[in-house]
Amino acid sequence: MVFALPNDTVLIGDGGLATALETRGHDLSDDLWSARLLIDAPDEIVAVHSAFFRAGAAFATTASYQASFDGFAARGIDRAHATRLLQRSVELAKTARDESGGHRYVAASVGPYGAALANGEEYVGRYGLSVAQLAAWHRPRLEVLVDAGPDILAVETVPDADEAEALVGLIHECKTPAWLSYTIDGLTTRAGQPLTDAFAVAADVPEIVAVGVNCCAPDDVLTAVEIARTVTGKPVIVYPNSGETWDGPRRTWVGDSKWSAHLAPQWVAAGACIVGGCCRVGPSDIAALAATVTSPNVP
């Protein structure tokens, strides 16, 4: 696969798929989260992808973030059926893309190991697994998603540079374009590594076409953009959450929203070329973002 980011414009990302699905009345409180609707209501996933496209997004990020062979097996779904469901996540995003037309792309979400644990561990990292063990866990799912033919992999919400090392190595083996996006706390990953070290993991890997941060507080974005750009020289992607905090045991967001589309121009000025939102950021928020950031390649 070949994927080239444009040099002359800013692209708008989508927002929180689960957030938009919950707004449409779906209860996503089980361990599969939005991936449950790959089984129960696939048309609803298409509808949300389409809503983000109408809002101005250039990307549909698939409903595979919390999907894993382990998670499906816990629901009594065998490996063959789980493979088809992972493939379906890409197919649904392609349907929305093709119906929407224009310069739009499918990004296959590759969530971290912690997401599959379904207890908020992606906001902690340090699972007690080696780089080799993490690579072995990620490989089967990543290979299925690559074979499904997305435009790019969204390797996202990575809390730990060790996990990033595992994923980046797999992506290099697959010769597949991807972005690598960390979830951070200030100037470190959630596992406590300096962002300079974390971004360096991807600096010399050509398949990583962009680096950045997601599902972090909006206030943490600006400095991260500057560090990512300086360390890697690659295009930078940012899509923070609303600034609320995820309470894993209670499975709810707490605190006040700090989201504002008006923060985006300073991120772009610092070097971000893809700007979107994550959890608690819906289509109306992305529409406001698209109106704030000049994006001539998105109709």
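Nothing here was measured: the structure is a model prediction, and the numbers come from that model. (Residues numbered from 1 in each chain as written. Predicted model: local features only at pLDDT ≥ 70, side-chain atom pairs only at ≥ 80, totals over all residues. Heavy atoms only, no water.)

Moving on: the environment of Glu91. Counting through the fold element by element, Glu91 comes out in helix α5 (residues 79-100). Using a relative accessible area of 46% as the deciding quantity, one classes Glu91 as partly exposed. (Helix = DSSP H or I, 4+ residues; strand = E, 2+ residues; numbered from the N terminus. Buried < 20%, exposed > 50% of the residue type's maximum accessible area, 1.4 Å probe, protein only.)

Once that is clear, we can look at the packing of aromatic side chains. Tallied over the full model, the rule gives 7 aromatic pairs. Both rings, one in Phe59 and one in Trp179, keep their centres 5.5 Å apart while their planes meet at 85 degrees; by these two values the pair is edge-to-face. In this pair, Phe59 is assigned in strand β2 (residues 59-61) and Trp179 in strand β5 (residues 178-182), connecting sequence segments 120 residues apart. The pair Phe59 / Trp179 is uniform in exposure class, with both members buried. An aromatic cluster is present here, built from Phe59, Tyr105, Trp179 and Tyr239 joined pairwise through their rings. Above the plane of the ring of Phe69 lies Arg79, whose end atom (NZ or CZ) is 4.0 Å from the centre. (Phe/Tyr/Trp six-rings, centres within 6.5 Å; stacked < 30°, edge-to-face > 60°. Lys NZ or Arg CZ within 6 Å of the ring centre and 35° of its normal.)

As annotated in UniProt, the feature "binding site: Zn(2+)" (unreviewed entry) corresponds to Cys215, Cys278 and Cys279 in the numbering used here. The greatest C-alpha distance among the residues just named is 6.5 Å, despite their covering 65 residues of sequence, which places them together in space. Examined against the element boundaries, Cys215 turns out to sit in the loop between β8 (208-214) and α10 (221-232). Leaving out residues up to four positions away in the same chain, Cys215 has contacts with Tyr123, Thr157, Thr183, Arg190, Tyr239, Pro240, Asn241, Trp253, Cys278 and Cys279. Mapped onto the elements of the fold, Cys279 is located in the loop between β12 (272-275) and α12 (283-292). (UniProt positions renumbered as here; feature names shortened; annotations may be inferred. Contact = heavy atoms within 4.5 Å.)

Turning next to the side chain of Ser64. Mapped onto the elements, Ser64 comes out in the loop between β2 and α4 (69-74). Residue classification places Ser64 among the buried residues on the basis of a relative accessible area of 0%. For Ser64, the side chain forms a polar contact with the side chain of Thr62, separated by 2.7 Å. Among the polar contacts listed, one links the side chain of Ser64 to the backbone oxygen of Ser109, at a separation of 2.7 Å. In contact with Ser64, not counting residues within four places along its chain, are Leu86, Ser89, Ala108, Ser109, Arg141 and Leu145. (Polar contact = N/O pair within 3.5 Å; in protein donor to acceptor, adjacent residues only side chain to side chain.)

Another point: the pattern of salt bridges. One pass over the full model with this rule turns up 9 salt bridges. A salt bridge links Asp162 to Arg126, with the shortest nitrogen-to-oxygen separation between them at 2.4 Å. Placement of Asp162 in helix α8 (residues 161-174) and of Arg126 in the loop between α6 (113-117) and α7 (131-147) is noted, with a sequence separation of 36 residues between them. Since its relative accessible area comes to 47%, Arg126 is described here as partly exposed. By sharing partners, the salt bridges in this structure join Arg97, Asp98 and Asp151 into a single network. (Salt bridge = Lys/Arg side-chain N within 4 Å of Asp/Glu carboxyl O.)

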